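Residue strings, one per chain:
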Amino acid sequence: MRAIDWLVLIVTLAAVIIYGVYRSKTTRNLDGYFLSNRSMSWSLILLSIMGTQASAITFLSAPGQAYTDGMRFVQYYFGIPIAMVVISAVFVPIFYRIKVYTAYEFLEQRFDSKTRVLTSFLFLLSRGLSTGISVFAPSIILSSLFGWNIYSTNIFMGGLLIIYTMGGGAKAVAYTQQLQLIIIFVGMFLAAYLVVHMLPAHVGFTDALQVSGKLGKLNVITTGFSDKGFNWSDQYNIFSGIIGGFFLALSYFGTDQSQVGRYLTAHSVRESRMGLLMNGLVKVPMQFLILLIGTMVFTFYLFYKAPVFFNSTQLTKLETGTYKDSLAAARDAYERLGREKQVQVSAFTSLADTGSKTAVAGKAEELRALQKSSDSIRAKVKSWIKASGGDDNDTNYIFLNFVVTYLPAGLVGLLIAIIFLASWGSIAAALNSLASSTMVDFHRKFSKKEIRPGSEYRISKWYTLAWGLFCIVVAMFTYNIGNSLIEAVNILGSLFYGVILGVFLVAFFLRKIRNGNTVFIAALLAEMLVLSVFMATQQPSLHFKLGFLWLNPIGALGVVLFSLMIHPFAKDPRPAGEVVNGK
Amino acid sequence: MKDQKDKPPLFSTWTNWYGLVIGFLVALILLFYLFTKTFA
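The rules behind each value
Residues numbered from 1 in each chain as written. Chains lettered and ligands numbered in written order. Predicted model: local features only at pLDDT ≥ 70, side-chain atom pairs only at ≥ 80, totals over all residues. Heavy atoms only, no water. Phe/Tyr/Trp six-rings, centres within 6.5 Å; stacked < 30°, edge-to-face > 60°. Helix = DSSP H or I, 4+ residues; strand = E, 2+ residues; numbered from the N terminus. Buried < 20%, exposed > 50% of the residue type's maximum accessible area, 1.4 Å probe, protein only. Lys NZ or Arg CZ within 6 Å of the ring centre and 35° of its normal. Salt bridge = Lys/Arg side-chain N within 4 Å of Asp/Glu carboxyl O. Axes fitted to C-alpha atoms, helices over the stretch in contact; angles between N-to-C directions. Parallel < 35°, antiparallel > 145°, perpendicular 65-115°, else oblique. Left-handed = near helix turned anticlockwise from the far one by under 90°. Contact = heavy atoms within 4.5 Å. Nonpolar A, V, L, I, M, F, W, Y, C, P; charged D, E, K, R; others polar.

*Asks:* Hey, could you go over the packing of aromatic side chains for me, with residue numbers and the actual values?
*Replies:* Aromatic ring pairs: the centre-centre distance and the angle between the two ring planes describe each pair. Residue and element names in this part refer to chain A. Per the stated rule, a full pass over the model turns up 49 aromatic pairs over all chains. Where phenylalanine 95 meets phenylalanine 504, the ring centres are 6.4 Å apart and the plane angle is 85°; that geometry is what we call edge-to-face. Of this pair, phenylalanine 95 sits in helix α5 (residues 79-97) while phenylalanine 504 sits in helix α20 (residues 485-509), and the two are 409 residues apart along the sequence. We classify phenylalanine 95 as buried; its relative accessible area is 0%. Accessibility expressed as a relative area gives 0% for phenylalanine 504, which makes it buried. Summarising the aromatic geometry, the rings of tyrosine 301 and tyrosine 406 are spaced 6.0 Å apart at their centres and angled 70° between planes, so their arrangement reads as edge-to-face. Note that tyrosine 301 is positioned in helix α13 (residues 269-303) and tyrosine 406 in helix α17 (residues 395-406), a separation of 105 residues in sequence. On the basis of relative accessible area, tyrosine 301 is assigned to the buried category, the value being 6%. Owing to a relative accessible area of 25%, tyrosine 406 belongs among the partly exposed residues under this scheme. Each member of the aromatic cluster is reached from another via a ring pair, and the members are Tyr67, Phe298, Phe300, Tyr301, Tyr304, Phe310, Phe399, Phe402 and Tyr406. The ring of tyrosine 96 has arginine 38 sitting right over it, with the charged end atom 5.6 Å from the ring centre. Positioned above the aromatic ring of phenylalanine 298, the side-chain terminus of lysine 217 is 4.9 Å from the ring centre.

*Asks:* Let's hear about the pattern of salt bridges: which residues, and what values?
*Replies:* Residues and elements named next belong to chain A. This structure, assessed with the given rule, holds 14 salt bridges over all chains. The partner of arginine 331 in a salt bridge is glutamate 319, and the shortest N-O contact between them spans 2.7 Å. Of this pair, arginine 331 sits in helix α15 (residues 324-354) while glutamate 319 sits in helix α14 (residues 312-319), and the two are twelve residues apart along the sequence. Since its relative accessible area comes to 34%, glutamate 319 is described here as partly exposed. A cluster of three or more residues bridged by salt bridges with shared partners is formed by Glu108, Arg116, Asp441 and Lys445.

*Asks:* Please set out the packing of α17(A) against helix α18 (residues 411-446) of chain A residue by residue, giving values where relevant.
*Replies:* Residues and elements named next belong to chain A. Where α17 meets α18, the closest approach of the two axes is 9 Å, and the angle between their N-to-C directions is 150°. Considering the angle they form, α17 stands roughly antiparallel to α18. Note on packing geometry: the crossing formed by α17 with α18 is left-handed. Taking contact as the criterion, the partners of Phe399, Leu400, Val403 and Val404 in α17 are, on α18, Val412, Leu415, Ile416 and Ile419. Per-class residue counts for the contact of α17 with α18 are eight nonpolar, no polar and no charged.

Structure representation (structure tokens):
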């Protein structure tokens with residue numbers, strides 16, 4: 001990086017930390033620290049919800065995902081608007097009426113203590129580990145790209161935000177997320193503008209759409225059906241997006257404390273609902289635009305030399321290993337194909353403006369054949385990297401490679417700052433929620449001594465620090481995850497989210513089930529079912545494939561069905577009038 | 001009496017807001033479908 005990039009990076013990060021510390025002043029009790037005294041407006045709630053969900057991985061992986069697999073990844077977000085409606089209508093009023101700090105408190109009032117502890121524990125386990133991955137994911141990419149030490153990068157990525165998160169709690173988290181998102185949107189907009197601007201003069205935006213579309217990158221809507229019927233292992237299609245994505249989003253936004261903790265800071269049900277519903281309106285178009293940047297980067301690389309594999313560290317390793325001669329030959333062939341594609345794409349764009357439909361279709365067919373050859377060379381190189389024990393997925397490196405190689409000085413620093421800021425937004429919210437669950441669902445619950453509000457505040461700050469350190473330690477031990485990192489985090493969430501959601505669904509909708517043992521046993525059985533299904537999909541000998549999004553409905557519906565099956569054999573502990581349902 | 005603070009902005013009921021969010025999603029999916037059909 002050049003000096004100007006370092007300057008932009010340091011100034012941006014320092015500004016956010018100073019702003020966070022400036023906004024840290026809050027009441028020294030749990031209400032102030034975890035709920036910001038329930039004072040936030042819907043616009044802050046919206047930005048906080050978005051800043052919590054959108055990690056660095058979102059901005060790194062999504063354009064890369066569009067480059068390799070097309071825009072169909074956007075379907076993964078189709079369940080979010082539906083989930084926002086259900087949460088606004090059902091979850092939010094109940095959480096407000098019984099004035100909870102964490103979502104899991106409600107389960108103790110509705111069922112019993114152990115159900116609350118189980119769900120809170122599952123949350124701490126999955127959120128703690130996934131936050132560690134959220135620290136590691138951008139760190140490994142930056143350290144590979146710039147040769148930075150991975151350990152110090154992890155500490156900067158996961159450590160600096162602790163300064164304001166520990167001191168200011170939920171309030172500092174929300175205000176810094178607001179500033180972070182503004183910087184992120186400005187940076188992404190500039191990157192999008194420049195990638196289109198840097199295309200050759202004769203290639204306009206619609207030409208770029210035509211080209212990337214013909215090469216299969218604008219597959220926004222896919223059904224998952226083929227000649228052999230529905231493909232259950234297909235990760236992203238309209239059905240898995242709406243059904244699986246709905247269950248995942250309902251669980252994430254409705255029962256994951258890192259999100260529930262954001263909208264509980266609103267000063268009324270109205271502000272919470274508006275924040276959630278606005279998120280339902282803007283999330284899908286936002287992801288569409290981020291993915292569209294990826295397709296523009298794809299078109300850009302049709303005119304400029306694209307590396308055969310975007311993670312240069314892995315390529316360097318291959319250059320010195322047993323595949324070095326094969327790699328050299330593959331690179332030559334890839335570059336030759338690149339030059340041919342460049343000529344053909346220029347010819348295609350000229351034809352698309354003036355030529356006949358048949359001529360355009362013929363040229364598109366030629367382009368597809370060339371792209372297929374390029375893809376097969378890339379696949380070969382990936383197989384060599386895998387055979388050499390390396391990470392064969394370069395999705396997360398594609399957009400950054402473009403940024404570092406082609407964007408002007410200063411903007412590179414800003415885009416690197418964006419990676420830090422996006423990480424900080426989601427990690428800070430996660431640390432705040434991990435601390436609130438530990439404090440409220442465990443410490444305060446199991447402590448035999450009476451704790452004063454001032455002490456609760458101090459202990460909560462220490463929990464925030466402890467979870468920050470835990471996540472950095474997890475990041476230090478996370479190596480070679482193998483698949484795309486965004487998927488690794490989502491898969492981890494899908495193993496637990498469905499079950500947690502199932503417990504809440506029983507609590508909200510099956511009022512006749514009042515015995516805590518019923519839902520507790522049902523949750524354990526459903527978790528075993530989810531883990532068994534997931535392990536079965538990992539065994540090649542079983543030939544059983546299932547997209548990870550389907551684990552969410554399996555877990556959620558599993559708890560509901562097991563609860564209904566166990567219910568007739570369980571005693572009813574309380575008269576119906578005593579049931580806590582929020583009314 | 002219903003708390004005035006919980007009344008939705010712009011519309012008279014929350015159901016209208018829910019309809020707007022779902023309707024917008026449906027419209028987006030239709031637009032995306034046309035986008036896919038046009039370019040892919």
